Amino acid sequence: MAVTLSDIKGDVGSIAGHVKPHINQIKAAERVLKGATEKKVIHDFFVSRVGDDIHMVMLHENGEDAKEVHETAWNALKAATEEAQSLGLYAAGQDLLKDAFSGNVKGMGPGVAEMEFEPRKAEPIVLFMADKTSPSAFNIPLSKIYADPFTTSGLVIDPRLHDGFMIQVLDQKMGDVLEFSLPEELHDYLAIIGDLVRFSIKKVFSKDKKLGIAASVSTEKLSKIAGKYVGKDDPVAMARAQSGFPAVGELLQPFMTPYLVPGWMRGSHVGPLYPCSVDEANPTYFDGPPRIVALGFMIKGNRLIGEESDPQPGSHKPVDYFRGEEFGYARNIAMNIATYMRQHGPFMFERLPEEEMEYTTLNEVLKKIFEKRNVKNKNR
Ligand code: F6R
Ligand code: MG
Ligand code: MG
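What you see is a predicted model, and the numbers here were worked out from it, not measured in a lab. Chains are numbered independently. Their residues run from 1 in the order of the written sequence. Here every chain gets a letter starting at A, and every ligand a number starting at 1, in the order they are written. Totals for whole chains, interfaces and linings use all residues, but because this is a predicted model, local features are given only for residues with pLDDT of at least 70 and pairs of side-chain atoms are given and counted only at 80 or more. Note: side-chain values were computed over all heavy atoms of the structure, leaving out hydrogens and water.

Student: Which parts of the structure should I look at to understand the coordination of the magnesium ion (ligand 2)?
Tutor: Tetrahedral coordination by four donors puts the ideal angle at the metal at 109.5 degrees, and octahedral coordination by six puts it at 90 or 180 degrees. Around the magnesium ion (ligand 2), the donor atoms from the protein are Asp-11 (OD), His-18 (ND1) and Asp-52 (OD), and they sit 1.9 to 2.3 Å away. Metal sites are built from N, O and S donor atoms within 2.8 Å, or 3.2 Å for Na, K and Ca, and they leave out water, so they may look incomplete. Taken as an interatomic distance, the gap from the magnesium ion (ligand 2) to the magnesium ion (ligand 3) is 4.6 Å; Asp-52 donates to each of them. Remark: Asp-52 occurs in the loop between strand S2 (44–50) and strand S3 (53–60) and His-18 occurs in the loop between strand S1 (3–10) and helix H1 (23–38); sequence separation between them is 34 residues. A simple rule labels every residue: compare its accessible area, found with a 1.4 Å probe on the protein chains alone, to the largest value its type can have, and call it buried under 20%, exposed over 50%, or partly exposed in between. We classify His-18 as partly exposed; its relative accessible area is 24%. Counting from the N terminus, the helices are the DSSP runs of H or I reaching at least four residues and the strands are the DSSP runs of E reaching at least two.

Student: Even after reading the chapter, I still don't get the packing of helix H3 (residues 139–147) against helix H5 (residues 186–193), so can you show me in this structure?
Tutor: The description of two helices packed together rests on the angle between their axes and the distance between the axes. At a minimum axis distance of 12 Å, the contact between H3 and H5 shows a crossing angle of 170°. Put simply, H3 runs roughly antiparallel to H5. In this structure, H3 uses Asn-139, Ser-143 and Ala-147 to contact H5, whose residues at the interface are Leu-186, Tyr-189 and Ile-193. Ten residues, namely Ala, Val, Leu, Ile, Met, Phe, Trp, Tyr, Cys and Pro, are considered nonpolar, four, namely Asp, Glu, Lys and Arg, are considered charged, and the remaining ones, Gly among them, are considered polar. When the residues that make up the contact of H3 with H5 are grouped by side-chain class, the tally is four nonpolar, two polar and no charged. Each axis is a line fitted through C-alpha atoms, taken for helices only over the stretch in contact, and angles between the N-to-C directions span 0 to 180 degrees. Oblique is the label for any angle not covered by the other classes, which are roughly parallel (under 35 degrees), roughly antiparallel (over 145) and roughly perpendicular (65 to 115). Contacts are residue-level and defined by heavy atoms, with any inter-residue pair within 4.5 Å sufficient.

Student: Can you walk me through the domain arrangement of the chain in this structure?
Tutor: According to the domain assignment, the chain contains domain 1 (1–117) and domain 2 (120–300 + 318–380). Each of domain 1 and domain 2 has a C-alpha centre, and the two are 21 Å apart. Contacts between the two partners involve 32 residues from domain 1 and, on the opposite side, 38 residues from domain 2. The term buried area denotes the loss of accessible surface (1.4 Å probe radius) that occurs when two parts are joined, taken as the sum for both partners. Across the domain 1 to domain 2 interface the summed buried area is about 2600 Å²; carbon plus sulfur atoms make up 67%. Domain limits in this description derive from either an automatic procedure or a database domain assignment.

Given below as structure tokens:
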């Protein structure tokens, strides 16, 4: 029986800045998803969050892009928006860019990562939720995981991984999906994926057809959808682990290096990716640094399994991998990098080049500056 794991996420309001949703918003989303389990639209779920983003992780049998599943998530975000409005929270409904649901949440604001597969006897999953950054934040870590034998020793030692992986890359500018077979096409791949503005990883597949999909990333660009700045894309990635896929430890290792990613304050800066627990995922320093949380759980038939023995749908407690002291080392390095980068203030390359900034409002400021000085710049 093939199942589909979907994480549909959105920022629909938060307490005192773009920091954290209110518990009533989480509960409102949970109520809607619970209703969907009763109607058998989804089998199981849990709701989590990173920074100001609410994540709805759902297990079902309807395949990717399923209208009823997307509509469930849309309704959950609407319910969380109503809570935000009634509490007067900040940026209530921010990521709901359309008034009414129309078949699929893609292009409507929320981010989506999904993968459909035949679960193995034991199916470990790692979910990576990020805040204050864009989908390309996963370009380096996922390249390390699936293409670097210095990270994933299974690529060398384990015959099931030895042939490598196939990676799908989205060209955000042209909308094309490019496929790379690794390691054979590694140098072509690196020539493309190094551009963190234009390209982002969409999906990864095992070359063993029986295993199928390995990982999936949300690739929605909010600013592209709305045509102006409306919030960051704050991506999510999900990966299958062990027995032919990278081990959990291989999936987590790259996050010990806080790579520089676009995002942070006003989606317009460059900052280190800071690995932390859900509890610590409150972006406080210059609205950051960009956060990454990793959650682990199992899929057993039509159930999600977390740390507790027999929880009700919705009440699962996944393993919170970055909670431990080991990743305190990465947090310290990240804070050193973050404070160093901030010394540059409004100067590039702490601030992103204009065309790469999420705030499209700099153009208005520049226009006034030029107009005041009677400079006619036809290119602006
Ligand atoms: C970035 C983010 C925040 C806001 C910043 C300004 O993704 O959410 O850094 O951009 O707090 O927010 P506004 O424009 O709402 O005052
Ligand atoms: Mg926000
Ligand atoms: Mg966010």
